[in-house]
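Examining the three-dimensional arrangement
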Amino acid sequence: MKLVPLFDRVVLKQLMAEETTKSGIVLPGQAKEKPQQAEVIAVGPGGVVDGKEVTMQVKVGDKVIFSKYSGTEVEVEDEKFVVVKQNDILAVVE
């Protein structure tokens, strides 16, 4: 199965959270903060959204930082993804 986003949506795969702190403390699963960095897996076509023309600024393979509480988490074939609107992406990491 393949996720194909519509309009100005982007499918992200979150990068793994750190398992230990800088001081060497190992964090249990519940204490880990969800990472805000992700890799772009799929990009919608853009188009007219809410009466405005939207061109997509990110491409597949980009590493991005997105808003902490944005998007919808989905699970496809035992892999977790986050679907966000393009305006929830804050920056591209180069």
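Refer to the preceding data block for the structure.
Residues numbered from 1 in each chain as written. Predicted model: local features only at pLDDT ≥ 70, side-chain atom pairs only at ≥ 80, totals over all residues. Heavy atoms only, no water.

A word on the pairing of strand β2 (residues 37-43). As judged from the five bridges shared by strand β1 (residues 9-14) and β2, these two strands associate in the antiparallel manner. Across the sheet, residue valine 10 finds its bridge partner in β2, namely valine 43. (Pairing = 2+ DSSP bridges. Helix = DSSP H or I, 4+ residues; strand = E, 2+ residues; numbered from the N terminus.)

Turning our attention to the nonpolar core. If you look at the biggest cluster of nonpolar residues, it comprises ten residues: Val10, Leu12, Ala38, Val40, Val58, Val64, Phe66, Val82, Val84 and Ile89. Secondary-structure elements contributing two or more residues to this core are β1, β2, β5 (63-66) and β7 (79-85). Among all residues touching valine 64, those that are not within four sequence positions of it are Leu12, Gln36, Gln37, Ala38, Val40, Val58, Ile89, Ala91, Val92 and Val93. (Core = buried A, V, L, I, M, F, W, Y, C linked by side-chain atoms within 4.5 Å. Buried < 20%, exposed > 50% of the residue type's maximum accessible area, 1.4 Å probe, protein only. Contact = heavy atoms within 4.5 Å.)

Let's shift gears to the pairing of β5. Side-chain direction in a regular strand flips from residue to residue, so the side chains alternate between the two faces of the sheet. Because side chains alternate across β5, one face comprises the buried residues Val64 and Phe66, and the other comprises Lys63 and Ile65, none of which is buried. Across three bridges, β2 lies against β5 in antiparallel orientation. The partner of glutamate 39 across the bridge, within β5, is lysine 63.

Moving on, we come to the sheet that holds β1. The strands making up a sheet associate through hydrogen bonds between their backbones, and the pairing can be parallel or antiparallel. Here we have six strands laid out as an open sheet, ordered β6-β7-β1-β2-β5-β8, and antiparallel in their pairing. Strands at the two margins of the open sheet, each flanked by one partner only, are β6 (72-76) and β8 (89-93). Direction aside, neighbouring strands of the sheet carry axes that sit 45° apart on average. (Axes fitted to C-alpha atoms, helices over the stretch in contact; angles between N-to-C directions.)

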